[in-house]
Amino acid sequence: MVKHKIYKKNQLMIGSNGRKQKKHTFDWINLVVLSIFALASIYPLIYVIAGSFNEGSDYINGGIWLYPRVFSLENYQVVLNDARLWKSYGITIARTVIGTIASVLYTAVVAYAMSRPNLVGKPVIYRFFIITMFFGGGLIPYFWVINLLGLFDNFLVYIIPALFSVYNMLVFVNFFKGVPEEIHESAVMDGASEFKIFFSIMLPLSGPVLSTVALWNAVGHWNSFFDTMIYTSSENLWTLQYYLMKVIKESSMPSAGVNLPIELLNKIAPETVSLAAIMVSVIPIFILYPVILKTLTKGVVVGSLKG
């Protein structure tokens with residue numbers, strides 16, 4: 001009996017060690033695979049950085065893969081002297097801030113109304129929203145509407161059409177429905193209006209979903225260039241991404257470069273100037289992303305704890 005117990009104990013220990021060994025092996029495999037993916041993701045950035053700091057006349061000879069062969073700051077000097085870059089930066093920042101705040105608040109208000117069971121005509125409105133998610137009128141009718149509303153070549157073309165998103169509304173609706181009805185009933189008994197309940201109770205409680213939807217909107221506004229290409233014709237309304245597209249696609253020097261010394265212009269190339277413009281455009285992302293990620297993670301954790 002004693003021998004049987006000792007044998008069984010040894011078998012359990014062997015099994016436990018075997019599982020630990022398998023887990024250890026899997027961890028190494030997982031580490032290697034994820035490292036390869038990480039390197040594959042980081043390398044394009046390294047390539048762009050190396051090219052942007054390399055002398056243009058040398059870059060066209062090829063062979064710049066990991067680090068600059070002939071270090072130079074002329075590419076950034078040309079980019080930073082282009083007035084179009086700073087105008088497009090201002091437009092993109094204004095569009096992202098105003099558009100995100102307006103869209104999140106407007107969508108949240110509509111979602112709160114749709115989450116209330118006593119909304120008149122709710123089934124019809126809901127079906128109408130769902131239809132618009134899957135069917136659209138097409139680019140030409142949409143352009144016609146934009147023109148009739150006076151939004152063509154207008155900064156508001158970046159704000160008004162993006163005010164409402166059915167998908168984001170559904171995200172808000174699901175969150176509002178998860179808030180206990182007793183909170184709403186207590187606020188009504190205290191004489192609070194629906195607007196008071198929304199702004200004083202629902203919005204403070206919806207920190208995680210607000211952060212998530214705001215991040216989606218901000219990324220969409222920051223990366224957008226198609227509406228600039230279709231609904232504007234003035235350089236004063238260029239967004240940063242459209243400016244980059246013009247510089248990269250046309251492989252053209254920034255217009256301000258003609259005022260620079262000839263010896264500087266001889267050391268640059270359209271390709272290296274384009275790479276420098278890309279790096280200048282992603283600086284805000286490098287600065288803000290860690291802050292946004294920390295805030296978003298904190299909001300999700302707090303929301304899960306409250307739930």
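Above this text sits the structure in question.
Residues take numbers from 1 onward in each chain, read along the sequence in its written order. Local features in this predicted model are restricted to residues of pLDDT 70 or higher, and side-chain atom pairs are both shown and tallied only at a pLDDT of 80 or more, whereas totals for entire chains, interfaces and linings draw on every residue. Hydrogens are left out, water is left out, and the side-chain values use all remaining heavy atoms of the structure.

1. What to know about the packing of aromatic side chains
Quick note on the threshold: Any pair of Phe, Tyr and Trp rings, taking the six-membered ring for Trp, is counted once the centres come within 6.5 Å. Such a pair is stacked with planes under 30 degrees apart, edge-to-face with planes over 60 apart, and tilted for the rest. Put simply, DSSP H or I for four residues or longer makes a helix, DSSP E for two residues or longer makes a strand, and each gets a number counted from the N terminus. Each residue is assigned to one of three classes by its accessible area relative to the maximum for its type, calculated with a 1.4 Å probe on protein chains only: buried under 20%, partly exposed between the two thresholds, exposed over 50%.
According to the stated counting rule, one finds 21 aromatic pairs in the structure shown. Relative to Tyr-89, the ring of Trp-86 lies with its centre 6.0 Å away and its plane at 20°, an arrangement referred to as stacked. Note that Trp-86 and Tyr-89 are positioned in helix α4 (residues 83–115) at a spacing of three residues, about one turn of the helix. Take Tyr-89: its relative accessible area is 10%, and that puts it in the buried class. On the basis of an interplanar angle of 25° and a centroid distance of 5.9 Å, the ring pair of Phe-172 and Phe-176 is categorised as stacked. Taken as a pair, Phe-172 and Phe-176 lie in helix α7 (residues 166–178) at a separation of four residues, close to a single helical turn. For Phe-176, a relative accessible area of 4% translates into the label buried.

2. Some points on the packing of helix α5 (residues 122–134) against α7
Applicable threshold: Convention adopted: a line fitted to C-alpha atoms gives each axis, helices being fitted over their contacting stretch, and angles between N-to-C directions are expressed from 0 to 180 degrees. For classification, angles of less than 35 degrees are called roughly parallel, those exceeding 145 degrees roughly antiparallel, those between 65 and 115 degrees roughly perpendicular, and all remaining angles oblique. Between two residues, a contact is recorded if the distance between any of their heavy atoms is within 4.5 Å. Here the nonpolar group is Ala, Val, Leu, Ile, Met, Phe, Trp, Tyr, Cys and Pro; Asp, Glu, Lys and Arg are the charged ones; every other residue, Gly included, is treated as polar.
Closest axis-to-axis distance for the α5/α7 pair is 10 Å, and the angle between their directions is 140°. Considering the angle they form, α5 stands oblique to α7. On α7, the residues that touch Lys-122, Tyr-126, Phe-129, Ile-130, Thr-132 and Met-133 of α5 are Val-166, Tyr-167, Met-169, Leu-170 and Lys-177. Within the contact of α5 with α7, the residues separate by chemical class into eight nonpolar, one polar and two charged.

3. Regarding the nonpolar core
Stated formally: As used in this record, nonpolar core signifies buried Ala, Val, Leu, Ile, Met, Phe, Trp, Tyr and Cys residues forming a set joined through side-chain atoms within 4.5 Å.
Judged by nonpolar contacts, the single largest core of 23 residues is most densely connected at Val-79, Leu-85, Tyr-89, Leu-240, Tyr-243 and Val-280. Contributing elements (two or more residues each) for this core: α1 (2–52), α3 (74–80), α4, α12 (240–250) and α14 (270–306). Element by element, the count of residues in this core is highest for α14, at six residues. The next biggest cluster of nonpolar side chains, apart from the first, holds 21 residues, and it includes Tyr-112, Phe-129, Phe-172 and Phe-198.

4. Examining helix α9 (residues 194–205)
Rule in force here: Expected span, for any helix, means 1.5 Å times one less than how many residues it has. The directions considered for the arc are those from the helix axis to the C-beta atoms.
The end-to-end C-alpha separation of α9 is 15 Å, in line with the 16 Å expected for twelve residues at 1.5 Å each. When we look at burial in α9, the residues that qualify are Ile-197, Phe-198, Met-202 and Leu-203. Projected down its long axis, α9 carries its buried residues within an arc of 145°, all on one side.

5. Side note on a nonpolar patch on the surface
We count it as follows: Surface patches are defined over residues having more than 30% relative accessible area and no salt bridge, joining like charges when they lie within 9 Å and nonpolar side chains (Val, Leu, Ile, Met, Phe, Trp, Tyr) when within 5 Å. Per-residue and other accessible areas were derived by the Shrake-Rupley procedure at a 1.4 Å probe size, with only the shown protein chains allowed to occlude residues. Throughout this description, the term salt bridge denotes a Lys or Arg side-chain nitrogen within 4 Å of a carboxyl oxygen of Asp or Glu.
A contiguous nonpolar patch, built from Ile-93, Val-97, Ile-98, Ile-101, Leu-105, Val-109, Phe-195 and Phe-199 and spanning about 720 Å² of accessible area, is present on the exposed surface. Take the nonpolar patch: its biggest share by element is six residues, from α4. One can find Val-97 in helix α4.

6. Focus: the packing of α7 against helix α10 (residues 207–223)
One can describe the packing of α7 onto α10 by two numbers: an axis separation of 10 Å at closest approach and a directional angle of 175°. Between α7 and α10, the interaxial angle falls into the category roughly antiparallel. Residues Tyr-167, Asn-168, Val-171, Phe-172 and Phe-175 of α7 touch α10, and the partners they reach there are Val-209, Leu-210, Val-213, Trp-216 and Asn-217.

7. A short note on the side chain of Asp-227
What counts is decided by this rule: Think of a polar contact as two N or O atoms within 3.5 Å of one another; within protein, one of them needs to be a possible hydrogen donor and the other a possible acceptor, and neighboring residues in sequence only count if both atoms come from side chains.
Note that Asp-227 resides in helix α11 (residues 226–231). What makes Asp-227 buried here is its relative accessible area of 12%. A polar side-chain atom of Asp-227 sits 2.5 Å from a polar atom in the side chain of Arg-95. With residues near it in sequence (within four places) discarded, Asp-227 still touches Arg-95, Tyr-158 and Thr-232.

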